[in-house]
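Coordinate analysis (summary)
The chain contents come next:
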Amino acid sequence: MPFDHNDHYHGLLLRHLPPGGRTALDVGCGTGRFARRLVARGYRVDALDPDPATLGAAEAAGGGPRYRLADAGTEELPGAHYDVITCLASLHHMPFGTLTRFREALAPGGRLLVLGCYAGATSWDLAAVPVNAVARAAVYGAERARGVRTAPRKAPVRQPEMTLPRLHAESARLLPGSELRQLLFWRYLLTYTK
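These notes cover the structure that comes with them. Please read all numbers here as calculations on a predicted model, not as lab measurements.

Our focus in this paragraph is the sheet that holds strand β3 (residues 66–69). Here we have seven strands laid out as an open sheet, ordered β3-β2-β1-β4-β5-β7-β6, and mixed in their pairing. The outermost strands of the open sheet, each flanked by one partner alone, are β3 and β6 (179–183). The mean inter-strand angle of the sheet, taken between neighbouring strand axes irrespective of direction, is 15 degrees. Relative to strand β2 (residues 44–49), strand β1 (residues 23–27) is paired through five bridges, and the arrangement is parallel. Residue pairing in the sheet places Val27 in a bridge with Leu48 of β2. Seen against the sheet, helix α4 (residues 52–61) touches β2 and β3 and runs at an angle of roughly 165 degrees to β3. Across the sheet, helix α7 (residues 164–174) lies against β6 and β7 (187–193), angled at about 160 degrees from β6, the strand it touches most.

Now the structure itself:
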């Protein structure tokens, strides 16, 4: 059933954008949905993804981002350039230390926003199970009522390896002053302002 946990948090991420920002890097952009939302907010967006098929779907949708087939862990990033860098369910596909590359690519006052996935289960995750089922059924019912059928999106999937306590410790070490909070649907939000 079509309920995208990452898309569910787009509004939250948009509320954390820095005021007056104009340049953005969307890491692991997938099909480009969030990158297009940044463009709609007036950002010039570089959108990177290492998977050719997924990036092809993003390019086919258009919408203004500058899409590039690239691995953010090795791609040359301009120093002190981006007002915002976003990673939606992509950081666990690369070494966590890649955050330091993103920190260096942020302009002064720039913000890093990571909507990430974590390993392990918490009591909060148990609460997400019935909410997830209701959300999926609601989206499915609404689409059926409108006669819409959402095609499943196929993107490479990797299970996260870091638990929330380890994520807290590593993000504090690599990004002093950052904040990490657990969200519903097996996600966390990491924010850092340079």
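Further notes follow.
Okay, the side chain of Asp26 next. Of note, Asp26 is situated in strand β1. The buried charged residue Asp26 lacks any salt bridge, with Arg36 as its nearest oppositely charged partner at 8.5 Å. Setting aside residues up to four positions removed in sequence, Asp26 forms contacts with Phe34, Ala35, Val45, Asp46, Ala47, Leu48, Thr86 and Leu88.

Roughly 230 Å³ of volume is contained in the second largest pocket. Here the lining of the second largest pocket takes four residues from α7, the largest share from any one element.

Here we take up the nonpolar core. Core analysis: the largest hydrophobic core is formed by 28 residues, its most contacted members being Ile85, Leu99, Phe102, Leu112 and Tyr188. Looking at this core, the elements that each hand over two or more residues are β1, β4 (82–88), α5 (99–105), β5 (106–117), α7 and β7. Sequence-distant contacts of Leu99, that is, excluding residues within four places in its chain, are made with Leu91, Leu112, Val114, Leu175 and Leu190. Listed in part, the 24 residues of the second largest apolar core include Ala24, Phe34, Leu38 and Ala58.

Attention now goes to the side chain of Ser90. By secondary structure assignment, the location of Ser90 is in the loop between β4 and α5. Of note is the side chain of Ser90, whose polar atom sits 2.9 Å from the backbone oxygen of Val27. Every residue in contact with Ser90, bar those within four places of it in the chain, is listed here: Val27 and Gly28.

Quick look at the environment of Leu38 now. Along the chain, Leu38 falls in helix α3 (residues 33–40). Aside from chain neighbours lying at most four places away, what touches Leu38 is Leu14, Leu17, Ala24, Tyr43, Val45 and Thr86.

On to unusual backbone geometry. Here the phi dihedral of Ala80 falls at roughly 50 degrees; this positive angle occurs in a residue that is not glycine. Tracing the backbone shows Ala80 in the loop between β3 and β4. Under the relative-accessibility criterion, Ala80 is labelled partly exposed at 43%. With a phi close to 55 degrees, Ala89 is a non-glycine residue in the positive phi region. Looking at the secondary structure, you find Ala89 in the loop between β4 and α5. With a relative accessible area of 16%, Ala89 lands in the buried category.

Conventions we followed
- Residues numbered from 1 in each chain as written.
- Predicted model: local features only at pLDDT ≥ 70, side-chain atom pairs only at ≥ 80, totals over all residues.
- Heavy atoms only, no water.
- Pairing = 2+ DSSP bridges.
- Helix = DSSP H or I, 4+ residues; strand = E, 2+ residues; numbered from the N terminus.
- Axes fitted to C-alpha atoms, helices over the stretch in contact; angles between N-to-C directions.
- Contact = heavy atoms within 4.5 Å.
- Buried < 20%, exposed > 50% of the residue type's maximum accessible area, 1.4 Å probe, protein only.
- Lys, Arg positive; Asp, Glu negative; His and termini not counted.
- Salt bridge = Lys/Arg side-chain N within 4 Å of Asp/Glu carboxyl O.
- 1 Å grid on protein atoms, 1.4 Å probe; cavity = no way out; pocket = protein on both sides within 12 Å on 5 of 7 lines; lining within 4 Å.
- Points joined across faces, edges and corners; volume = space filled by probe spheres on them.
- Core = buried A, V, L, I, M, F, W, Y, C linked by side-chain atoms within 4.5 Å.
- Polar contact = N/O pair within 3.5 Å; in protein donor to acceptor, adjacent residues only side chain to side chain.

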